[in-house]
Amino acid sequence: KKNPVIFSGIQPTGVPHLGNYLGALREWVKLQDSAEEGTKLLFSIVDLHALTVPQDAKQLRTWRREAFATLLAVGLDPKRSTIFYQSSVPAHTELMWILSTVASMGYLSRMTQWKSKLQLPDDASLEDSEARAQLRLGLFSYPVLQAADILIHRATHVPVGEDQRQHLEFSRYTANSFNHLYGDIFPTPEALISPAKRVMSLKEPQNKMSKSHADPKSRILLTDSAAEIQKKVKVALTDSEPKISYDPTNRPGVSNLIEILSHFEGVTCQEIASEYETASLRSLKEHVGSRIADSLAGIRERYLGIMDDKSGYLDSVAREGGEAAQVSADLTMRKVKRAMGL
Ligand code: ADP
Ligand code: NA
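Just so we're clear, the structure is a prediction, and the values are computed from it rather than from any experiment. (Residues numbered from 1 in each chain as written. Chains lettered and ligands numbered in written order. Predicted model: local features only at pLDDT ≥ 70, side-chain atom pairs only at ≥ 80, totals over all residues.)

A.B. asks: Could you give me a rundown of the packing of helix 4 (residues 91-100) against helix 8 (residues 137-151), with the residues and numbers involved?
C.D. replies: Packing of helix 4 against helix 8 brings their axes to within 8 Å, and their N-to-C directions diverge by 120°. Classified by the angle their axes make, helix 4 and helix 8 are oblique. The two elements helix 4 and helix 8 cross, and the hand of that crossing is right-handed. Residue-level inspection shows His92, Leu95, Met96, Leu99 and Ser100 of helix 4 in contact with helix 8, the latter providing Ser141, Val144, Leu145, Ala147, Ala148, Asp149 and Leu151. (Axes fitted to C-alpha atoms, helices over the stretch in contact; angles between N-to-C directions. Helix = DSSP H or I, 4+ residues; strand = E, 2+ residues; numbered from the N terminus. Parallel < 35°, antiparallel > 145°, perpendicular 65-115°, else oblique. Left-handed = near helix turned anticlockwise from the far one by under 90°. Contact = placed C-beta atoms within 7 Å.)

A.B. asks: Before we move on, can you summarise the domain arrangement of the chain with the specific residues and values?
C.D. replies: When cut into domains, the chain gives domain 1 (5-198 + 311-340) and domain 2 (223-305). Of note, the centres of domain 1 and domain 2, computed from C-alpha atoms alone, are 31 Å apart. With eight residues of domain 1 in contact, the opposing surface of domain 2 contributes six residues. Looking at the side of domain 1 that touches domain 2, the elements that each hand over two or more residues are helix 1 (18-34) and helix 3 (57-74). Top element by residues in the side of domain 1 that touches domain 2 is helix 3. It accounts for four residues. Broken down by class, the residue content of the side of domain 1 that touches domain 2 amounts to seven nonpolar, one polar and no charged. (Domains from an automatic or database assignment. Nonpolar A, V, L, I, M, F, W, Y, C, P; charged D, E, K, R; others polar.)

Here it is, written out as structure tokens:
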């Protein structure tokens, strides 16, 4: 039986929010802390993915560091997990080229991410003149780079949020296409979907919490102070029904708050709803706000400590992580090249 290899990544596009934490980062730490002997864990700041939309160099440099510091602050331990910047391991892009020789254009054109990034409808096609004018090759082929990120380490398990399921499916398909032509090189990676599938926006609770929403009050950042968290929860959009109940379809705002609480307290949404049934919305919000603030306090403190550190701690962890990831990637590249006659 092969040892499990766990890989996941996060884009450096600002300090991660509560959705990233519950949907991804907290799961990564749980996997790390419960991993059996022999499990390999790799977590990457996927900075090359950030380039699929225009970036300011100075801003990106800051965001990369912030994202790295966040991974350490949430509890990833460089002794147990390899933490690295994607761009420090050239084999990720080298394998991307190789995979692009087997990746299906038809499949890529049906995927939704390039459409949503260009604000085109989900049924937009490459034939649309709007799409042709705006679409860049990097944005279109982004899932191939993501497949390379996963396959270069021959990952067996990929913890991601529900929104990434489509991309993982593409990686599986691409791995199988490659294996079919060149032999059994890549394991077919499995998604590990977090129980916190979709944390919703505090301002538009029908949409997921995301860093791309204009209103900063729509999301809680892992670096928000207790007071900022309380304030954002207090002004979260809910409804004016008299009692508290859990009903995601008809009452998305209050149900999202209940769900967030349930992820922190480990009790079901129904239990929370019946406990708070006759309570005021205000007291539910206060409880949710302080629960989030208490749970994130240690992360925030560690984050500020790491960002303040002048001894070069973050850079040395990043260097060592990059070296370890390079070793893991080179092993796969050798197999790939041998199989292809290179
Ligand atoms: P964003 O969607 O804000 O741009 P990323 O694409 O960098 O964030 O996602 C990083 C990880 O966080 C992914 O595994 C993604 O599935 C997860 N994630 C992002 N937003 C949410 C959310 N609102 N609820 C749950 N998980 C989320
Ligand atoms: Na996402």
